[in-house]
Amino acid sequence: MLSARQVTLLLTLAAVLLDCTCNTEGPVQEASGHEVKRNGSDVTETHHATCTISTEELVAKAHTTFTKVLSGACNERTVREQIDDLKEVLEEQLDEIRKMLRIIMKQENVNFPLDQKETSHRVKLEKFERTSSENSEGNENASNRYASPRLREIKKYNNTIQQIITENKEPVKMFSWYWRVSDLSKKLSQWELGRSQRSPTFYVNSAGYALYLKITPRSFLDESLFVTMGVTRGRHDPILKWPFPLKLRIEILDHSTEGRREDRTSPIWDPREFCSEYFWTRPKITAEPDNPDCLGLNLPRKVLFTKSAPKRSKYVWDNSLIIKLSVYL
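Residues numbered from 1 in each chain as written. Predicted model: local features only at pLDDT ≥ 70, side-chain atom pairs only at ≥ 80, totals over all residues. Heavy atoms only, no water.

Another point: the overall build of the chain. When its secondary structure is counted, the chain shows six helices and 14 strands. Going through the 329 residues of the chain one by one, you find that 38% of them count as buried. When the accessible area of the chain is evaluated, it comes to approximately 20,600 Å², of which 49% is carbon and sulfur surface. (Helix = DSSP H or I, 4+ residues; strand = E, 2+ residues; numbered from the N terminus. Buried < 20%, exposed > 50% of the residue type's maximum accessible area, 1.4 Å probe, protein only. Areas by Shrake-Rupley, 256 points an atom, 1.4 Å probe, with all protein chains shown as cover.)

So, on to the nonpolar core. If you look at the biggest cluster of nonpolar residues, it comprises 37 residues, and the most contacted ones within it are Leu211, Leu225, Phe244, Ile252, Leu304, Leu321 and Ile323. Not counting residues up to four positions away in its chain, the partners in contact with Ile252 are Leu225, Val227, Asp263, Arg264, Leu297, Leu299, Tyr315, Leu321, Ile322 and Ile323. (Core = buried A, V, L, I, M, F, W, Y, C linked by side-chain atoms within 4.5 Å. Contact = heavy atoms within 4.5 Å.)

What follows deals with the packing of aromatic side chains. Counted according to the given criterion, the structure contains six aromatic pairs. Judged by centre distance (5.2 Å) and plane angle (85°), the ring pair of Tyr209 and Trp242 falls under edge-to-face. Of the two residues, Tyr209 is situated in the loop between strand E7 (202–203) and strand E8 (210–216) and Trp242 in the loop between strand E9 (225–231) and strand E10 (247–252); the sequence distance between them amounts to 33 residues. Exposure class is identical for Tyr209 and Trp242. Each is buried. A centroid spacing of 4.9 Å and a plane angle of 85° characterise the contact between Tyr209 and Phe244, whose relative ring orientation is edge-to-face. Highlighted residues: Tyr209 in the loop between E7 and E8 and Phe244 in the loop between E9 and E10, separated in sequence by 35 residues. The buried category is assigned to Tyr209, whose relative accessible area is 7%. The exposure class of Phe244 is buried, given its relative accessible area of 1%. Chaining the aromatic ring pairs together yields one cluster made of Tyr209, Trp242, Phe244 and Trp280. One residue, Arg195, lies across the ring of Trp191, its end atom 3.9 Å from the ring centre. (Phe/Tyr/Trp six-rings, centres within 6.5 Å; stacked < 30°, edge-to-face > 60°. Lys NZ or Arg CZ within 6 Å of the ring centre and 35° of its normal.)

Next up on the list: the pattern of salt bridges. Evaluated as defined, the whole model comprises ten salt bridges. The partner of Lys214 in a salt bridge is Asp293, and the shortest N-O contact between them spans 3.5 Å. Highlighted residues: Lys214 in strand E8 and Asp293 in the loop between strand E11 (264–265) and strand E12 (296–299), separated in sequence by 79 residues. Residue class for Lys214 comes out partly exposed when judged on its relative accessible area of 21%. In this structure, the salt-bridge partner of Lys314 is Asp254, at a minimum N-O distance of 3.8 Å. Residue Lys314 is located in the loop between helix H6 (301–304) and strand E13 (316–317), and its partner Asp254 is located in the loop between E10 and E11; the two are separated by 60 residues in the primary sequence. (Salt bridge = Lys/Arg side-chain N within 4 Å of Asp/Glu carboxyl O.)

We now examine the environment of Ser326. Take Ser326: it is sitting in strand E14 (residues 320–328). In this structure the C-alpha to C-alpha distance between Ser326 and Lys247, which are 79 residues apart in sequence, comes to 8.5 Å. Residues contacting Ser326, with those up to four places away along its chain left out, are Met174, Phe175, Ser176, Lys247, Leu248, Arg249 and Glu251.

For Thr201, the location among the structural elements is in the loop between strand E6 (197–198) and E7. A polar contact of 2.9 Å, which involves the side chain of Thr201, links it to the side chain of Arg198. (Polar contact = N/O pair within 3.5 Å; in protein donor to acceptor, adjacent residues only side chain to side chain.)

The next subject is the confidence of the model for the chain. Predicted coordinates in areas of low pLDDT are best not read in detail. Predicted confidence across the chain gives a mean pLDDT of 74, with 57% of residues reaching 70 or more. The low-confidence segment residues 106–116 (pLDDT under 50) makes nine contacts with residues lying over four places distant or belonging to another chain. (pLDDT = per-residue confidence, 0-100.)

So, on to the state of the cysteines. The full count for this structure, using the stated rule, is one disulfide. Note on cysteine connectivity: Cys275 is disulfide-linked to Cys294, with sulfurs 1.4 Å apart. Placement of Cys275 in the loop between E11 and E12 and of Cys294 in the loop between E11 and E12 is noted, with a sequence separation of 19 residues between them. (Disulfide = S-S within 2.5 Å.)

Take unusual backbone geometry next. Following Trp242, the chain continues into Pro243 via a peptide bond in cis, with omega recorded as 0°. Mapped onto the elements, Pro243 comes out in the loop between E9 and E10. The residue Cys275 is not glycine, and still its phi comes out positive at about 65°. Overall, the relative accessible area of 36% leaves Cys275 in the partly exposed class. At Asn319, a residue that is not glycine, the phi angle is positive and equals roughly 60°. As for its position among the elements, Asn319 is in the loop between E13 and E14.

What follows is about the environment of Ser176. Among the secondary structure elements, Ser176 is positioned in strand E5 (residues 171–181). Note on Ser176: relative accessible area 0%, which makes it buried. Setting aside residues no more than four positions away along its own chain, Ser176 makes contact with Tyr157, Asn158, Asn159, Thr160, Gln162, Lys324, Leu325 and Ser326. Reaching out from Ser176, the side chain makes a polar contact with the side chain of Gln162 at a distance of 2.8 Å.

As structure tokens, then:
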């Protein structure tokens, strides 16, 4: 037979363990509680346990309180923040590794593989060139009907850097990138107002900024066709100067013969003078990859299609529009 003191000790031990199962012949009554309090970054948990035993020989009761404080590394919010910080550091280090790999591969004359969107863009341009060339070869007079006079220019200068002479007679390096927007008639007639199409991401030079173009075939400006550009997250961002500092120009090509061309051309935009730094700062690692687009060029429908040729346009070739972006280095 257990003494009253022994039963009390057993009850206290049981309460500390938060388990009030008491092996006696008498009736057992249990009670427990759990409280959680938050104070800043700390979380305090308090457990209460009470156990009472009544027998013919004794009445014994035990009560205990167990408190633990979760702080620092044990706190859920702190752990989540530390994981996010670690993720950001790892992504920055991966960008650095990609950069070093690209330098090594370039030294070894190994081409860095294109992503799927960039490959698709190259295929579209090549198909545009090949189709026009085949039509030209199949018909002696087809050069005026099918082959765009701009094909040689596109093939020669697309995704390259060349040196030009400015109006001030100063030599400047300029990067050129061409984007073909196909199936234009459907987008002009069937797309709802404000719907847009984004180009593949492309890089200014082999280790430069990542950019994109966007076209809205039916913008809210009297249904004008609207082309804009923006900065997006790229593999070389850690080593580049921010905010984006390079001047640029957007053009929509006129497919008329040389000497009669009137390309639709924007001014030479300086990012430091237009839009806020918010548009040109380095894209966030964990947020959406694209910064909002800012600078652009519009082409009114009355310019795209004239009254004398409502279904034909000097800016449209093979149901496609060719957009050129020039970046001054």
